[in-house]
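# Working through the structure, step by step
Single-letter residue listing:
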Amino acid sequence: PLINRKSRVRVRKCHRFHLMLLQTARLLPLIISCRSHPSLSYSVPRRRRSSMDPHVTTIDPSGTPAESPAAGSSSDAMHGAEESSAVDLLPGETVVKEGKATILFPNANEVFYNPVQEFNRDLTCAVITEFARELMAQRGVKVLVPGEKERVVVSLSEEASDADKQVVEKNGAEVAKDTARVGEKCEKGLRVLEGLAASGLRSVRFALEVPGLQSVTANDFSSKAAVLIARNAECNRVSHLLQASCRDASMLMYEMRGKKERYDVIDLDPYGSPAAFLDAAVQAISEGGLLCVTCTDMAVMAGNSGETCYSKYGSVSIKAKYCHEMALRIILHSLDQRAGVYQRYIQPLLSISADFYIRVFVRVFTGQATVKNSASKQALVYNCVGCGSFHMQRMGRRISNGKHMKYSAATGPPVGPECEHCGQRHQLGGPIWAEAIHDREFVQKVLAAVSGNPSRFGTSKRVEGMLSMVTEELEDVPLYYTVDNLSSTIHCNTPSLLQFR
C-alpha cells in the first residue's frame, strides 16, 4: 500500500506538470507578441460604476488594441473622466479611479499612491472650491459647481435703500458678469501649485472638480513622476489647465516670490514632515492666498520625540491626551513664525486630525502692525504628569489703548513648583498656537456646500461629520480634557458623553 500511495502522488505531480506545460504553450505566442511590441496600446475595460466610487482595475493583456484619443476642448474636460475612453497603457500598468479622475499607475510602485488619503483630497477640493467662490466673487466671476443648486440670497429688511442694494451688488457674486465652470480655464482664476504631486492625482482632481482655475502646476522632483503627471493630464483631457513640472519644490517656490508671480493656492502633502518647504511656501503664496499643509510625522509631533519636533517646528511636543490638537497648534505656530520673518501672518480656516496625519488650511496676509500680535498668539504649556491638568502661559502680552496697542513681556509662570491638585511635577511644552484654529463661518459654508451636493465626493458623509464636529468646538479654549481621564483622576465611574453634555 505504501508503494501504491507514492505512485499515485508521482502520477498526480506529473499530471499537474503536464497541464502547466500545456498552459504555457498556449500563452507563448501572446508573451512573444507583448515583448516584441512593448508600446502596444490597450483599451480600458468599460464598467458601469459611479464616477464617485473609487476602484482599481488591472488591464487585461489580452484586451483589444485601441488608438489614443486626441486632446479634447475645455468643455469636454468635464466629461473626460466620467466616460470610459481608450488610453495608451504600458504593459503592467494599473488604472485607478477616484472622484472624476482616472489615473494611470505603474505596478512597480515607482510612484507613490495612498488610497486612504481620498478623504484628504475630497476635503481639499471642497475647501478650495469655497475659497475660490469667495475670491472669484471679489473679481466679478461667479463659480458654478456641477450638481449644486444656485444659492438664493433673501433680504430680511424690506426698507433697504437703493444705496445699500448697490453696495451688495458691488461686493456680491450675484451680479458677476463672468462665470467659471469646472474644466474650463478662467483668465481671472486661481493659480494652484501642488509642490509634491507624485502621480498628479490631486492636481487632476483640482482641474476636473474645482471651478475658477487659471492654471494648475503639478510638481515633483522625480522625473518618472513628472512623465506620469503629463500622461495623466492628457488622459483626463486637462492639459490646457495642468502643467507638469520636474523641479525641487522649494526652489520652484523661491523663484515665484514676486508679487505678480505668486500662487493663489499652494498644496503641500509630503511623505513625512513639510518643515523643509514651509519657508518657501509662506513667501510664494499670494496676498490672502490659501496654504494647505499635511503632516504625517505624527510620532514626532505627538510627543514621542520632543527634541526632533523642536528642531523641525521650533516647538517641543509632549505626550498627553490632547497630543493631536497640540500637533495642529505646533504646525500653526511654525507657519506663523516663518511668515512673521517676512512681515506676514496667518489666519487659520480649518485644522483637522484624521487617520495618521494632520491637515491645516490657512490664509496668509501681509501687515507689519498685525505681525506684532504674533508673540501674544503663542503660548507655553505646563502639563502635570500626575493628574494631567494643564495651564497656558502666553509668550507676549498686548493691551489695547484706544487706537494704539501696547506690547509688553508676559508674566509668569502660572503654576508653582508642584501641581496644586496632586503634587506631581510639570512638563513644559510648546510654544504652540493659542488662538482659534478654525474659521467657523468659513467651515459652515463648506459644510453647507458638501451637504447640499452629497454625490460630489465619495467620502461626503465623513466630510460632513468632520465639519459638523468642527463647528461644535469652542473657539477660545485651547486643548481639552477627556471624560475618562477626569473620572480616573477622581476615582469615579465614567459617565456617558450624552449625560456629561
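This one's a predicted model, so the numbers in the text were calculated from it and none came from an experiment. (Residues numbered from 1 in each chain as written. Predicted model: local features only at pLDDT ≥ 70, side-chain atom pairs only at ≥ 80, totals over all residues. Heavy atoms only, no water.)

### Some words on the confidence of the model for the protein chain
As a note on interpretation, predicted positions should not be read in detail where pLDDT is low. Averaged over every residue, the pLDDT of the protein chain is 82; the share at 70 or more is 76%. Taken element by element, the predicted model of the protein chain shows its lowest mean pLDDT in strand 1 (residues 55-58) (36) and its highest in strand 9 (residues 263-268) (98). The low-confidence segment residues 24-85, where pLDDT is below 50, has 90 contacts with residues more than four positions distant or belonging to other chains. (pLDDT = per-residue confidence, 0-100. Helix = DSSP H or I, 4+ residues; strand = E, 2+ residues; numbered from the N terminus. Contact = heavy atoms within 4.5 Å.)

### Comments concerning the packing of helix 2 (residues 118-138) against helix 4 (residues 201-209)
Contact geometry of helix 2 with helix 4 gives a least axis separation of 10 Å together with a crossing angle of 40°. It follows that helix 2 is oblique to helix 4 by the angle criterion. Remark: the crossing between helix 2 and helix 4 carries right-handed chirality. Facing helix 2, whose interface residues are Glu 118, Asn 120, Arg 121, Asp 122, Thr 124, Cys 125, Ile 128 and Thr 129, helix 4 presents Leu 201, Arg 202, Arg 205, Phe 206 and Glu 209. Here the contact of helix 2 with helix 4 is built from residues that sort into four nonpolar, three polar and six charged. (Axes fitted to C-alpha atoms, helices over the stretch in contact; angles between N-to-C directions. Parallel < 35°, antiparallel > 145°, perpendicular 65-115°, else oblique. Left-handed = near helix turned anticlockwise from the far one by under 90°. Nonpolar A, V, L, I, M, F, W, Y, C, P; charged D, E, K, R; others polar.)

### Focus on the sheet that holds strand 8 (residues 242-245)
Strands belonging to one sheet form pairs held by backbone hydrogen bonds; the direction of such a pair is parallel or antiparallel. Here seven strands make up an open sheet; going across it, the order is 8-7-6-9-10-12-11 and the pairing mixed. Looking at which strands have only one partner, the edges of the open sheet turn out to be strand 8 and strand 11 (344-354). With strand direction ignored, the average angle separating the axes of adjacent strands in the sheet is 20°. Where strand 9 and strand 10 (residues 285-295) come together, five bridges link them in parallel fashion. From the neighbouring strand, Asp 267 faces strand 10, where its bridge partner is Cys 292. Lying on the sheet, helix 5 (residues 223-235) is in contact with strand 7 (213-219) and strand 8; it crosses strand 8 at an angle near 165°. (Pairing = 2+ DSSP bridges.)

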